[in-house]
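# A look at the structure
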Amino acid sequence: MLQPLMNLLSPCWKPFGHGDDSSAGIVGREGKDGLLWFRDIGRYGSGEFSMAVVQANQILEDQSQIESGPLGTFVGVYDGHGGPDAARYVCDHLFRNFQAASSESQGIVTAETIQTAFRSTEEGFTAMVTDLWNTRPQVATTGTCCLVGVIFQQTLFVANLGDSRVVLGKKVGNTGGVAAIQLSTEHNANLEAVRHELKELHPHDPQIVVLKHGVWRVKGIIQVSRSIGDVYMKHAQFNREPINPKFRLPEPMHMPILSANPSILTHPLQPNDSFLIFASDGLWEHLNNDQAVEIVHRSPRAGSAKRLIKAALQEAARKREMRYSDLRSIDKKVRRHFHDDITVIVLFLNSDLITRGTVQNPPLSIRSALNH
């Protein structure tokens, strides 16, 4: 039953636009294991990477990409919700907008160029929703979390919307140990700081956050407070028929409820910075930062991303008093009752390459779920 889907998605992990694996500097095994697709190991401008995704929804809503070239290395993890449209749009356009913004700043990457790329992508998606309003109004209710990392001239920039997360594995002196340091700021209403921020922004709305079935949601609808897309929560003209009644607000919208303004962190890379784990929140629902870092640290580099996903799935199965083998036998869509789509990218950091400012040549361009 799964074979046609596997055949369709088997090219999803091949680089595009830059020739075959050898010309792009890719090594290592790629493949599939049920609903899990992986690239065990590959090379990018500042070291090696491992990449994997597992599907749980009927249609995969996660997208991700690695781009490495003259502008350094760009990593994106896009965790869609309400459908795949927003995540696909971001995967198609955010890096291009980042290239354009960086070009306008003479090829220099700054927090401002990243901010500009996010803004352009949000504006482009909103324009697409406007164009599709009469034929596909449901696109207005799709959105995506958006986690981006950029390595440029010995500096790591992290930009985030929503609740995906990047964690740094940092060597601890000469102990042989590695500490887990979270570098991204999350925007989920279950965090008290996020609820406080929303209440400050909307002081006259007592229903700006609502506790439903033990989960805090913005307007009782959505957990994340920042995203690309979800324009029905940002522009009043989209919060009306014919979108599903569950998304419609009972009162007029006088200002955007959700934001597309990312939190941006700048981190100067150090020789003891060992690796970075970029992952959608599906991973962090089942593993904490320390567990994830320890798994990568104690294991071979090849297959790191796949290993993290399997550890999360084993924990998801344990919580339901199931075996991992039982969970693997469950088909997509039904699997969503046990775990989310999960995307993981692990970047191993080579301090010598970073110090020398090595440029990937030819450029690397790889993304997951390339065939929609």
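Overview of the structure. Quick caveat: nothing in here was measured; it's all calculated off a predicted structure.

Let us now look at the overall build of the protein chain. Assigned secondary structure in the protein chain consists of nine helices and 16 strands. Taken over the C-alpha atoms alone, the protein chain extends approximately 55 × 55 × 40 Å along its principal axes. For the protein chain, the residues scored as buried account for 55% of the 372 residues in total. Element-wise, carbon and sulfur atoms account for 51% of the exposed surface of the protein chain, whose accessible area totals about 16100 Å². Looking at the protein chain, you have 38 positive and 38 negative side-chain charges, and the mean spots of the two groups are 5 Å apart.

The omega torsion across Glu-241 and Pro-242 is 10°, close enough to zero to call that bond cis. One can find Pro-242 in the loop between β12 (228–229) and β13 (263–268). Of note, the amide linkage connecting Asn-361 to Pro-362 takes the cis form, showing an omega dihedral of 0°. In this structure, Pro-362 sits in the loop between α9 (351–356) and β16 (364–367).

This part takes up the packing of helix α6 (residues 289–298) against helix α7 (residues 304–319). At a minimum axis distance of 10 Å, the contact between α6 and α7 shows a crossing angle of 140°. When the axes of α6 and α7 are compared, the pair comes out oblique. Our pair here, α6 against α7, has a crossing hand that is right-handed. Seen from α6, the contacting residues are Ala-292, Ile-295 and Val-296; seen from α7, they are Ser-304, Arg-307, Leu-308 and Ala-311.

Moving on to the packing of aromatic side chains. On inspection of all chains with the given rule, the structure shows seven aromatic pairs. Measuring from centroid to centroid gives 6.0 Å for Phe-95 and Phe-98, while their planes differ by 35°, and the two rings are tilted. Placement of the pair is Phe-95 and Phe-98 together in helix α2 (residues 85–104), with a separation of three residues, close to one helical turn. Across the pair, exposure class does not vary: Phe-95 and Phe-98 are buried alike. Geometrically, the ring pair formed by Tyr-232 and Phe-247 is edge-to-face, given 5.1 Å between the ring centres and 65° between the ring planes. Of this pair, Tyr-232 sits in the loop between β12 and β13 while Phe-247 sits in the loop between β12 and β13, placing them 15 residues apart in sequence. Here Tyr-232 falls in the buried class, since its relative accessible area comes to 1%. An aromatic cluster of three or more residues is present, and its members are Phe-74, Phe-95 and Phe-98. The lysine or arginine in question, Lys-306, covers the ring of Phe-38, its NZ or CZ lying 3.9 Å from the ring centre.

To continue, consider helix α4 (residues 192–201). Every buried residue belonging to α4 is among Val-194, Arg-195 and Leu-198, and all of these are buried. Down the axis of α4, the buried set is contained in an arc of 100°. They therefore lie on one face. Turned more than 90 degrees away from the buried face of α4 sit Glu-192, Ala-193 and Glu-200, all of them exposed. As for α4, its buried residues are in contact with β10 (209–212) and β11 (215–218).

So, on to the sheet that holds strand β14 (residues 273–279). Note: strands within a sheet are paired through backbone hydrogen bonds, in either parallel or antiparallel orientation. The seven strands are arranged β1-β2-β3-β15-β14-β8-β9 in an open sheet whose pairing can be described as antiparallel. Of all strands in the sheet, those bounded by a partner on one side alone are β1 (30–33) and β9 (177–182). Pairwise comparison of adjacent strand axes, ignoring direction, gives a mean angle of 15° for this sheet. With eight bridges connecting them, strand β3 (residues 47–54) and strand β15 (residues 342–349) associate as antiparallel partners. Bridge assignment links Ala-52 to a residue of β15, and that residue is Val-344.

Turning to its location among the elements, Val-344 is positioned in strand β15. Classification of Val-344 by relative accessible area gives buried; the value is 0%. C-alpha of Val-344 to C-alpha of Ala-52: the two residues are 292 residues apart in sequence and 5.4 Å apart in space. Residues in contact with Val-344, not counting those within four places in the same chain, are Ser-50, Met-51, Ala-52, Ile-277, Phe-278, Ala-279, Leu-283, Ala-305, Leu-308 and Ile-309.

Right, let's get into the side chain of Ser-227. Tracing the backbone shows Ser-227 in the loop between β11 and β12. Relative accessible area serves as the criterion here: at 0%, Ser-227 is assigned to the buried category. Discounting residues that sit within four places of it in the chain, Ser-227 has contacts with His-81, Glu-122, Thr-144, Leu-161, Lys-234, Leu-258, Ser-259 and Ala-260.

What follows covers the environment of Pro-245. Among the secondary structure elements, Pro-245 is positioned in the loop between β12 and β13. With 55 residues separating them in the primary sequence, Pro-245 and Asn-190 have C-alpha atoms 24 Å apart.

Attention now goes to the nonpolar core. Note that soluble globular proteins tend to have their nonpolar side chains buried in a common cluster. Ranked by internal contacts, the top residues of the largest apolar core, which has 35 residues, are Ile-277, Leu-283, Leu-308, Val-344 and Val-346. Among the secondary structure elements, those contributing two or more residues to this core are β2 (36–44), β3, β14, α5 (281–284), α6, α7 and β15. Here this core takes eight residues from α7, the largest share from any one element. Contacts of Ile-277, omitting those with residues within four sequence positions, involve Arg-165, Val-166, Val-167, Leu-283, Trp-284, Ala-292, Val-293, Val-296, Leu-308, Val-344, Ile-345 and Val-346. Counting residues in each nonpolar core, the second largest holds 27 residues, with Phe-125, Tyr-232, Leu-249 and Met-253 among its members.

Rules of the game
Residues numbered from 1 in each chain as written. Predicted model: local features only at pLDDT ≥ 70, side-chain atom pairs only at ≥ 80, totals over all residues. Heavy atoms only, no water. Helix = DSSP H or I, 4+ residues; strand = E, 2+ residues; numbered from the N terminus. Buried < 20%, exposed > 50% of the residue type's maximum accessible area, 1.4 Å probe, protein only. Areas by Shrake-Rupley, 256 points an atom, 1.4 Å probe, with all protein chains shown as cover. Lys, Arg positive; Asp, Glu negative; His and termini not counted. Charge placed at Lys NZ, Arg CZ, Asp CG, Glu CD. Axes fitted to C-alpha atoms, helices over the stretch in contact; angles between N-to-C directions. Parallel < 35°, antiparallel > 145°, perpendicular 65-115°, else oblique. Left-handed = near helix turned anticlockwise from the far one by under 90°. Contact = heavy atoms within 4.5 Å. Phe/Tyr/Trp six-rings, centres within 6.5 Å; stacked < 30°, edge-to-face > 60°. Lys NZ or Arg CZ within 6 Å of the ring centre and 35° of its normal. Arc of directions from axis to C-beta. Pairing = 2+ DSSP bridges. Core = buried A, V, L, I, M, F, W, Y, C linked by side-chain atoms within 4.5 Å.

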